[in-house]
Each structure stands twice: as C-alpha cells, then as structure tokens.
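# Reading the structure
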Amino acid sequence: IYSITDNGTFSSEFQLVNYSRHGQYPTYPALGNDGNIYFTTTYGGNYSHGTLQMFNPTAKSLTKLVDFNYWDITGGYPEWQGLITLPGSRLAYPINNISGNSNGGIVIVTLAGSTAGVSQSLLFSSSSNNGYRPIGLVYNQADGTIYYNS
C-alpha cells in the first residue's frame, strides 16, 4: 500500500507479505465512510480465493475482514475493478464465483468495526438478462441503485 501527498512525496504504507493473512494481488481501493481504505485481493486468504482487507491510514494497520470462499456466499476471485462503499457501513464487490456458480455476482458486506459479515449475495445467471461476471460497480445515492458493466 503506497501513498503520495499533493506535493509529490511518496510513502510505502504497508507491505502485503503474508499470503494467507494479507492475500495477493490487491484490487482497486475504496475509501470507506469511516475514513479507512478497503480493498480486495484476487488470491490468498485461508481458501486461496482472495480476501477483503481494511487499511487504517492513521494507525498504518491492516485487518483482514473476510476470507473469500468459492463454495459459499462470500464468493471467490473478486474482480479487479469495482469495490464500492454504500450507505450504512456497507461495501459491495463484484465476484467471479459464488457458491460454485461461475457466472459471478455482487456481494454486499456489512461492516462492524474490525469485522464484516456478508449481508447479501446476488448471484448472476448467464441465461437471464442480468449480465455475467459484473465489473466496475458504481452507486447512485439519489436512487439507491448499483450500476455495473458485464
């Protein structure tokens, strides 16, 4: 995790060095409503299917919130683009596989301090009109809709 100030000073904030704890191949970060920085990793964690991480920029600490699992509702192998913050201490991320379904979906996580729990998994089906393996989530606060590409 790196930072740069508006005057051009670079800093190394945290190094992801432990595959099972930190994950591997971090994705685009999202600034949470609480000031923490959230991101997923594509691989690593307890099941090697990726993780959801929280970085506290003040304390320079990293907390693993979720170990992704291809075979359950957390899903596995998150997309590179798309982690977004939602109102009410929630995050949403696009995922390639959920509960063994390789069509992907969107997972909504509720944050509670240094823990997180999946509150909803939206599975996609290639035979329906909801797309396939969503990427690039954006949230419209005006109407509460999540938009995505597929």
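Summarised in this report is the structure supplied together with it. Sequence order as written defines residue numbering, which begins from 1 separately in each chain. Local features in a predicted model are, by the rule used here, given only for residues with pLDDT of at least 70; side-chain atom pairs are given and counted only at 80 or more, and totals for whole chains, interfaces and linings are based on all residues. Side-chain measures here rest on the full set of heavy atoms in the structure, leaving out hydrogens and waters.

Further remarks concern the overall build of the chain. Secondary structure assignment for the chain yields one helix and 14 strands. Here the C-alpha radius of gyration of the chain, 15 Å, is about what a compact globule of 150 residues would show, namely 15 Å. When the backbone C-alpha atoms are referred to their principal axes, the chain occupies close to 50 × 35 × 30 Å. In the chain, the share of contacts with a sequence separation of at least 24, taken over all contacts with a separation of at least 6, comes to 35%. Summed over all atoms, the accessible surface of the chain reaches about 7,700 Å², with 50% contributed by carbon and sulfur. Residues scored as positive are Lys and Arg, those scored as negative are Asp and Glu, and His as well as the terminal groups of each chain are ignored. Where a charge lies is defined by one atom per residue type: Lys uses NZ, Arg uses CZ, Asp uses CG and Glu uses CD. Both charge centroids of the chain, one from 5 positive and one from 7 negative side chains, sit 7 Å from each other. In this description a helix means any DSSP run of H or I spanning at least four residues, a strand means any run of E spanning at least two, and both kinds are numbered starting from the N terminus. The size measure is the radius of gyration over C-alpha atoms, and the globule rule it meets is 2.2 Å times the number of residues to the 0.38 power. We call two residues in contact when some of their heavy atoms are within 4.5 Å. All accessible-area figures derive from a Shrake-Rupley calculation using a 1.4 Å probe, and residue coverage is judged against the displayed protein chains alone.

We now examine the environment of serine 11. Here serine 11 is to be found in strand E2 (residues 10-12). Throughout this description, buried means an accessible area under 20% of the type-specific maximum (1.4 Å probe, protein chains only), exposed means over 50%, and partly exposed covers the range between. Serine 11 gets classed as partly exposed once you look at its relative accessible area, which sits at 32%. Counting along the chain gives 26 residues from serine 11 to isoleucine 37, while the straight-line C-alpha distance between them is 16 Å. In this structure serine 11 touches Ile1, Tyr2 and Ser3, once residues within four positions along its chain are discounted.

Paired strands, as defined in this entry, are two strands with at least two bridges between them according to DSSP. Examined bridge by bridge, strand E13 (residues 135-140) and strand E14 (residues 145-149) share four bridges and lie antiparallel to one another. Within E14, the residue paired with asparagine 140 across the bridge is threonine 145. Between the end of E13 and the start of E14, which pair antiparallel, lie four residues, with glycine 144 showing a positive phi angle near 75°.

In this section: unusual backbone geometry. Positive phi, normally seen in glycine, also occurs at serine 48, with a value near 65°. With respect to the helices and strands, serine 48 occurs in the loop between strand E5 (37-43) and strand E6 (51-56). On the basis of relative accessibility, which here comes to 31%, the residue serine 48 falls in the partly exposed class. Phi is positive for tyrosine 77, close to 60°, though the residue is something other than glycine. Residue position: tyrosine 77 is located in strand E8 (residues 76-78). Given the relative accessible area of 25%, tyrosine 77 is considered partly exposed.

Next up on the list: the pairing of strand E11 (residues 105-112). On a regular strand, one side chain projects to one face of the sheet and the next to the other, so that they alternate. Counting buried positions over the eight residues of E11 gives six, a clear majority of the element. Sheet topology places strand E10 (residues 90-97) next to E11; six bridges connect them, and they run antiparallel. Along E11, the bridge assignment pairs isoleucine 95 with glycine 105. By the bridge criterion, eight bridges tie E11 to strand E12 (residues 115-123) in an arrangement that is antiparallel. Its bridge partner being in E12, valine 107 is matched across the sheet by serine 121.

Attention now moves to the packing of aromatic side chains. Within 6.5 Å between ring centres, the rings of Phe, Tyr and Trp (the latter by its six-membered ring) count as paired, and their orientation is classed by plane angle as stacked under 30 degrees, edge-to-face over 60, tilted in between. A complete count under the given rule lists five aromatic pairs for this structure. Seen in terms of ring centroids, tyrosine 25 and tyrosine 43 are 5.8 Å apart; in terms of plane orientation they differ by 75°. Their pairing is edge-to-face. Here tyrosine 25, found in strand E3 (residues 24-26), pairs with tyrosine 43, found in strand E5; they are 18 residues apart in sequence, far enough to count as distant. Connected via pairs of aromatic rings, a cluster forms that spans Tyr25, Tyr43 and Tyr77.

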